[in-house]
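Observations on chain architecture
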Amino acid sequence: MEYSQATQRTIAYIEEQLMEEISFECLPNTAGYSKYHLSRIFKQETGITIGEYIRIRRLAMAASYLMYSNVSILTIAVTLQFQSQEAFTRAFKEVYALPPGKYRKVMQSLNMMEEEHYMETVEQVKGWVLSGANPELYKFHTDDKVFHSGKRSGVLYSTTASANHGQFATMMQDFQAADYKGKRLKMSCYLKTADATKCGAWMRIDNGTGDTIQFDNMDQRPVTGSTEWNHYSIVLDVPEEGNSIYFGVLLIGSGKVWADGFRFEEVDNKVPSTNMLTQEHLSNHPTNLDFSME
């Protein structure tokens, strides 16, 4: 996962500097690669260039400012390092289909209507379900105040501060494996956390009888505590006997996790699998047979 770590270090640096002028000359030093190699790695991992990532994130922050503040459009443009209000307006319209001023009026009006509706109904997220060992101790819905790109993210959080390591829930969905049989599948997404005991993205492949034949839940590289948005990925092979693919974000214990920008792509065997069910993840010998070790 060396390349993934380089991408994560780069994103962490960018997230800290979004309101500052970002020097591309500093990025290779942050990730430990040459500028050319880092650019190639980043595009390979995320599907977009470093410049496109910065632009998308700044426009997402601008959308949030427009919806939840009265800061002037010029101030937003300058704060987010656009050369002029005109340049900001053009860039914003390309992504959000509306100029900033009109977007502000439309979205603030819609938000008022949605808040009134939310008081009366429990929000359902199309395509997603809340599951896990203790779903009654957690809530899952969309969040249009915190998002990585676009207009909203999915957020999963514990409703009690006393949730422990034995309690967990997941936002998840599943789909048929037919289109990916015999292929190596990479799932990636962006996560942000607040006081999370332990969380991570996960994916598994089941066969026709419901047996799990490929699985990874980031248990060896979990996200903990409070973190800004970053990129995480899971790579699994889909065997010919694969029947169903399940994926989502797992939250163990207390805290909150936001998820956004899920992406699936076929990759070649040069991209290492993260499957936890391989022999290399098994112990060489049985352990603690008499239960004397705590």
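Everything quoted here is computed from the prediction, not taken from an experiment.

What counts and what doesn't
Residues numbered from 1 in each chain as written. Predicted model: local features only at pLDDT ≥ 70, side-chain atom pairs only at ≥ 80, totals over all residues. Heavy atoms only, no water. pLDDT = per-residue confidence, 0-100. Contact = heavy atoms within 4.5 Å. Helix = DSSP H or I, 4+ residues; strand = E, 2+ residues; numbered from the N terminus. Polar contact = N/O pair within 3.5 Å; in protein donor to acceptor, adjacent residues only side chain to side chain. Axes fitted to C-alpha atoms, helices over the stretch in contact; angles between N-to-C directions. Parallel < 35°, antiparallel > 145°, perpendicular 65-115°, else oblique. Phe/Tyr/Trp six-rings, centres within 6.5 Å; stacked < 30°, edge-to-face > 60°. Lys NZ or Arg CZ within 6 Å of the ring centre and 35° of its normal.

**What about the confidence of the model for the chain?**
- Averaged over every residue, the pLDDT of the chain is 89; residues scoring 70 or more account for 91%.
- Segment residues 115–122 is flagged for pLDDT under 50; beyond a separation of four residues in sequence, or across chains, it makes 2 contacts in the model.

**Concerning the side chain of serine 158**
- Tracing the chain through its elements places serine 158 in strand β3 (residues 153–158).
- Looking at serine 158, its side chain comes within polar contact range of the main-chain oxygen of threonine 160, at 3.4 Å.

**What about the packing of helix α4 (residues 50–68) against helix α6 (residues 85–96)?**
- For the pair α4 and α6, the least separation of the axes is 10 Å and the interaxial angle reads 90°. Judged by the inter-axis angle, α4 sits roughly perpendicular to α6. Side by side, α4 and α6 meet where Arg55, Leu59, Ala60, Ala62, Ala63 and Leu66 of the first sit next to Phe88, Ala91, Phe92, Glu94, Val95 and Tyr96 of the second.

**Things to note about the packing of aromatic side chains**
- Applying the stated rule across the entire model yields 15 aromatic pairs.
- Relative to phenylalanine 247, the ring of tryptophan 128 has its centre 5.5 Å away and its plane inclined at 75°; by these criteria the two rings are edge-to-face. Here tryptophan 128, found in the loop between α7 (100–118) and β1 (129–131), pairs with phenylalanine 247, found in strand β8 (residues 242–252); they are 119 residues apart in sequence, far enough to count as distant.
- By way of ring pairs, the aromatic residues Trp128, Phe140, Phe175, Tyr180, Phe247, Phe262 and Phe264 are connected into one cluster.
- Between the NZ or CZ atom of lysine 192 and the centre of the ring of tryptophan 258, over which it lies, the distance is 6.0 Å.

**Some details on the environment of glutamine 81**
- Residue placement: glutamine 81 occurs in the loop between α5 (73–79) and α6.
- For the pair formed by glutamine 81 and isoleucine 252, sequence separation is 171 residues and the distance between their alpha carbons is 38 Å.
- With sequence-adjacent residues up to four places away left out, glutamine 81 is seen in contact with Leu18, Met19, Glu20, Glu21 and Arg58.
- A polar contact is formed between the side chain of glutamine 81 and the backbone oxygen of methionine 19, at a distance of 3.1 Å.

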